[in-house]
Amino acid sequence: MSGAPDVVVVGSGPNGLAAATTLAQAGASVLVLEGADTAGGGLCTAELTLPGFRHDVCSACHPMGVLSPYLRALPLEAHGLRWVRPRVSVAHPLEGQPAVLLRRSVAETAAGLGDDAPSYARLLAPFARAPHALLEDVLGTLRVPKHPVRMLRLGLLGVRSAVGLARGRFAQERARALFAGCAAHSVLPLERALAAAVGLVFCVTAHAEDWPVAEGGSDAIARALVGLLASLGGRVQTGTWVRSLGDLPPARAYLFDTSPEALASIAEPVLPASYVRRLRRFRYGPGVFKVDWALDGPIPWRDPAVLDASTVHLGGTLDEIAASERAAWEGRHAERPFVLLVQQSQLDPTRAPAGKHTGYAYCHVPSGSTTDLTATVEAQVERFAPGFRDRILARHVMTCADLERHNPACVGGAITGGVADLGQLLARPVARWTPYATPHARIFLGSSSTPPGGGVHGMCGHHAARAVLRRLDRLPVGPLRGA
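Not measured: the values here are computed from a predicted model.

What counts and how
- Residues numbered from 1 in each chain as written.
- Predicted model: local features only at pLDDT ≥ 70, side-chain atom pairs only at ≥ 80, totals over all residues.
- Heavy atoms only, no water.
- Phe/Tyr/Trp six-rings, centres within 6.5 Å; stacked < 30°, edge-to-face > 60°.
- Buried < 20%, exposed > 50% of the residue type's maximum accessible area, 1.4 Å probe, protein only.
- Pairing = 2+ DSSP bridges.
- Helix = DSSP H or I, 4+ residues; strand = E, 2+ residues; numbered from the N terminus.
- Axes fitted to C-alpha atoms, helices over the stretch in contact; angles between N-to-C directions.
- Core = buried A, V, L, I, M, F, W, Y, C linked by side-chain atoms within 4.5 Å.
- Contact = heavy atoms within 4.5 Å.
- Polar contact = N/O pair within 3.5 Å; in protein donor to acceptor, adjacent residues only side chain to side chain.

A. Geometry of the packing of aromatic side chains. A complete count under the given rule lists 5 aromatic pairs for this structure. Seen in terms of ring centroids, Phe 202 and Trp 211 are 5.8 Å apart; in terms of plane orientation they differ by 70°. Their pairing is edge-to-face. Neither residue differs from the other here; Phe 202 and Trp 211 are each classed as buried. Judged by centre distance (6.2 Å) and plane angle (85°), the ring pair of Tyr 360 and Tyr 362 falls under edge-to-face.

And the structure:
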């Protein structure tokens, strides 16, 4: 790349790299600026505990990555990415009975739900017949859907609360608990509207693809995107923090893969004061507390079938999970939190020395929490895997503050880019016809704080890049200057 780039992308998370790749595919010259020493943002893997144990620092399991309409169309395998798929996407242990297993087949999943089997099949089968068509609209922009009948069905069901849908559709605890665990990925109180939509979408993803991990670590996704970008002529410059307009080189356009707060702080001199105030009113929601373990062997689940799953939902019943998610929103730490656990080394032996294993788990906590919940999280694992603590060789803990220091986009420890309730579904981050554009013609936002929201799918950056391309030829080259 010689001379000023057409576009500078600030931040190299999955959305920033997807945006840069989209721009480079269209022939634009692109420079990505990243403050950290390596590209990827939340796509980071490191030896957090002991030598030879490779832990995913942020994102770990990637149903949206393998199903993303944009990422799945890229030749990432040619740049080293290999998805490793489990036998089961989700295992949900319950006390005194076998774990509930969310399998690729709707029929096989339903078969484990007792009397609720017909109800589950009726609920999910219409979506599972054409999951990619549904996800194309779910991960699209806020426009008329390409598949309106499916989206209408999802909307009519999903606008309900997860608690309401689970109790209305299912009579027994197994199906209710399975659905509650999937809905808890929303990081919303399960009594709130739209939590049901997230639960349905996560169930559909498991019926479309087994939830994979990336061989070697989640950073393999970032490396593949960086390699593809380089093959297209784009460039990533690490160790370059952007804290003010003066840190930006001349370009035609600037696309930010940052939080709305960071955009407001950096670009305040050239943005209208009213728009900056709206950016700063954006709500991020609860954060997470995370633990990684180096283990002397596989987790000793009471039900060995749990070892077949990439992801384990630890929370017990619908009522327990709802209470846990409600507590985080009310500023409290649940006594029995809903814990999301990923078993990367069960699928990918490169993650740990021979015979050893890694463990990864987090729970939702009040935004900015500094409370150490190690004992509480481990008690939830021990509840369903007696003897788990005896297998721990070392552990690494991250509070909300630690996560935000690692990735400033995780404001208050929030990992989804911001609250995804009805208000911020339509105004993400503010209400605009093109949410990726700002009042400044040369500044764009393409982080997970824009539609369609959180997850390693790259669609926010892809959509933002397309908004840039529609305007790029009319933009002048030069620095951004404050008043």
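B. The arrangement of the sheet that holds strand E6 (residues 88–94) in detail. Ordered by their spatial adjacency, 7 strands build an open sheet running E7-E6-E12-E13-E14-E11-E15, and the pairing between neighbours is mixed. What marks the edges here is a single partner per strand, and that holds for strand E7 (97–102) and strand E15 (392–398). Within the sheet, the average angular offset between the axes of one strand and its neighbour, ignoring direction, is 20°. With 3 bridges connecting them, E6 and strand E12 (residues 309–314) associate as parallel partners. Its bridge partner lying in E12, Val 90 is registered against Thr 311.

C. Fine view of the nonpolar core. The biggest cluster of nonpolar side chains holds 81 residues, and the ones touching the most others in it are Leu 81, Tyr 120, Phe 179, Leu 190 and Leu 200. The leading source of residues in this core is helix H9 (residues 195–208), at 9 residues. Setting aside chain neighbours within four positions, we find Tyr 120 in contact with Leu 102, Val 106, Thr 109, Ala 110, Leu 113, Ala 125, Phe 170, Leu 178, Cys 203 and His 207.

D. Inspection of the side chain of Ser 218 at higher detail. The topology assignment puts Ser 218 in the loop between strand E8 (213–214) and helix H10 (219–231). A distance of 2.8 Å separates a polar atom in the side chain of Ser 218 from a polar atom in the side chain of His 62. With near-sequence residues (within four places) excluded, Ser 218 lies in contact with Leu 43, Thr 45, Asp 56, Ser 59, Ala 60, His 62 and Arg 351.

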